[in-house]
Every structure is written in C-alpha cells, then in structure tokens.
Amino acid sequence: MPNRIRVTAALVLNLALAAAAAVPARADGAMFAPWGYELYETEQVAVVDHDAAAGVETLHVLPGFRTESSDFAWLVPVPALPEVGVSDFDLFQEAVSLTAPVWRSRDETWGCTRSDVYYGALDDGNGVDIIDDRLVGIYRTLVLGADDASALADSLTAWGFLHDGNREATLAVLDAYVARSWYFVAMKVDPEAVEEWQQQGGYWYGNLSPVRLEFATDEPVYPLAISMLSAAPSSDVILYTIADRRLTFPGATTLYANRVTDGELQEIRGAYPTFGAQLHAGDFVTKLRRTFAPDEMTEDLVLAPDGDDEFHQVFYSGIPWTAVLLLGTGAWLKLRPRRA
C-alpha cells in the first residue's frame, strides 16, 4: 500500500441529502444498515466513461435504496485512488432519452431512421487509512484504504453498520478487494433527511444525489461484486458506456449502440447538453442491461470490446397497414377468377 497517514478512528458521518428524483431506485457498491433492519437495492444504473488513451475511467453513480432504517452507509470500491466529485441527475435522465427505443406506427414505410465528522479512538486496535476527508456537494465523503480486510471490517463494525448478521459475508467480499489493493469511498446518510424521502409500508425509499468517481484503469470496470451484500433477489444492472469502441459484459443485452459522428455530436449536445458534454466525435455509446440474482454477482464487470455494429431498437405499434395492403393484393391476384 502507498505511504499514507495511519489513522485509527471511529467514524460517524453526517450528510445532507437531496430530494428524491422521479427515476427508479438504483445504486452501485453496497449499503449497510444497523442490526435488525432490512436494506436492499432494486436496480443499479451508472454511466461508465472510459478514456483508453489516458487510462482513466469516470464512473457516474446514481444511488438509491429501500430500507426500514434511515441510518445507513454507502461503500463503493474502485481499483485506484479516486477523485470524488458531484454528478448531475440530468446526465441519467438524458441518457435514458438519448438511448430510448424508436416508436413507429406501422402505417409508415419499413425503412429505419436512425455535516461534521467526529473521530475517536477504537478500543480494539486496528485502524483504517483515511486518505481524503471532505464535503463533496451534499456528501461528507471519505476515501479509505486498509492493509487487510479485518481492519476495514473492524471500523465498519465500530461505526454500527456491520454486525453478527452481515460481518462474515462482508469480510469475505472486502478481503477480495483489499487483496487487489482497491480503495473505498465511504458515505453516510443523515438520518434527519428522511423527511425528504418517500415512505410506504414502513420502508423509506428514494434516490440520493449522484456522485462522480474518477480513477486510473486500463480497462473499463464496474464494481459489481460488493453489490451482492445488499442487492434485491432480482436486480437489474443498466450501464451506459462511453468509450472508443462498442462495449459489453458477459450476459448483457445491448439496447443501444452508436458511434457518434461530428454531425450527431452537435445534435446531441443541442438536445441533451449534460450527456452531450461528456462526448467527443468518434465515441461509441452503448446501453447494456442484465438482471442478476445476488449469488450471480461474484465478480466485478470488466467491459470488453463488442465489434463495431450500431444498433437502435425500433418498436412498431398499430395495425401494419402496409403489410396488410401488400399481402391482400397478392392474395387477390392469386385467387381472382381467371379467364379461359
């Protein structure tokens, strides 16, 4: 591990929280609730922007939750020391609109147009490297590292988010990341902010403010394995990728794939300014989706090249009058009485 200041600390983070947006619940990483409370993520959505020439990935994450507790932590692992910043709800909303299927009437032709942190000593020893501690937008964030997973698990236990019910499973996942010298971004939710969330049937649910994590990596990667700790029994993973080529991951369905031309870039920036600001001419934008069970989230997703073909879904609605006309005419010509 690089030289860092060793800090042994018990941590309580207080954060402000944004009002819920009108988009589905989604998250990346893992969320941890106190003993006796349920917490899970129903869907994960992220924008993965990889610059192959620079070897840098910018991961935009829109976190969400459904839980009985208003007091929980969010932990995201990344393969290199990250820069943490704010992202924008519009980025995700515009990504949905840009990559949405094209709906056409069957009357048309068949052609396709395209708060404060408190530190105190732990009585039980091992500490965690606190590399960065600051406010990022509405979050108090800490970038953490540890030489062994037990040190990190001890701190998470002292902070109240690991306990006998989840410590063993979490320790095994943390150990895999620590063995690869990954870092962790920890964020804590302000319990008083639950008034801004929606409540139904004893559960709090909603979306937190999106964050941006930038880190060095030769291959575009999405940290999925840790999500098994808090994922719902069936969880959709939707990734929007921006790279120099079309990308995919094992088992993914491609819902959109397009290499952005100079002309398209200007149109996209005009219609979708936030998402368009992330693009350059020649970038390949893809939308990928797969549904996972928690026991299928055994590895992080390394995004791989997937050819150079473009794809845009087209859904047809209404009665296919063109086909009816053509088929009807053919049937009439075949069946009409013939002169002797």
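Residues numbered from 1 in each chain as written. Predicted model: local features only at pLDDT ≥ 70, side-chain atom pairs only at ≥ 80, totals over all residues. Heavy atoms only, no water.

(A) Main features of the side chain of Thr241. By secondary structure assignment, the location of Thr241 is in strand E18 (residues 231-243). Residue Thr241 is classed as buried on the basis of its relative accessible area of 0%. When residues no more than four places from it in sequence are discounted, the contact partners of Thr241 are Val48, Leu247, Phe284, Val285, Thr286, Leu288 and Leu303. (Helix = DSSP H or I, 4+ residues; strand = E, 2+ residues; numbered from the N terminus. Buried < 20%, exposed > 50% of the residue type's maximum accessible area, 1.4 Å probe, protein only. Contact = heavy atoms within 4.5 Å.)

(B) Highlighting the pattern of salt bridges. If you walk through the whole model with that rule in mind, you get nine salt bridges. Among the ionic pairs, Glu83 bridges to Arg212, the shortest N-O distance being 4.0 Å. Its salt-bridge partner being Asp306, residue Arg246 comes within 3.1 Å of it at the nearest N-O pair. Here Arg246, found in the loop between E18 and strand E19 (247-248), pairs with Asp306, found in the loop between strand E23 (304-305) and strand E24 (311-312); they are 60 residues apart in sequence, far enough to count as distant. One network of salt bridges, in which partners are shared, links Glu83, Arg212 and Glu214. (Salt bridge = Lys/Arg side-chain N within 4 Å of Asp/Glu carboxyl O.)

(C) Molecular detail of the environment of Ala281. Assignment of secondary structure puts Ala281 in the loop between helix H5 (273-276) and strand E21 (284-292). Taking the relative accessible area as the measure of exposure, Ala281 reaches 38% and is therefore partly exposed. For the pair Ala281 and Gly263, spaced 18 residues apart in sequence, the C-alpha to C-alpha distance is 8.5 Å. With sequence-adjacent residues up to four places away left out, Ala281 is seen in contact with Val260, Thr261, Asp262 and Leu265.

(D) Structural context of the environment of Val260. Among the structural elements, Val260 can be located in the loop between strand E20 (253-259) and helix H4 (262-271). When the C-alpha positions of Val260 and Gly282 are compared, they lie 5.2 Å apart, and in sequence the two are 22 residues distant. With residues up to four places along the chain from it excluded, the contact list for Val260 reads Leu265, Ile268, Leu279, His280, Ala281, Gly282, Asp283 and Val285.

(E) Local environment of the confidence of the model for the chain. Per-chain confidence: the chain averages 76 in pLDDT, with 65% of residues scoring 70 or above. By mean pLDDT, strand E2 (residues 10-13) is the weakest element of the chain at 33, and E19 is the strongest at 98. Overall, residues 1-27 carries pLDDT values under 50, and its contacts beyond four positions in sequence, including any with other chains, amount to 110 contacts. This stretch, residues 106-125, has a pLDDT under 50; its non-local contacts, to residues over four places away or in other chains, come to 55 contacts. (pLDDT = per-residue confidence, 0-100.)

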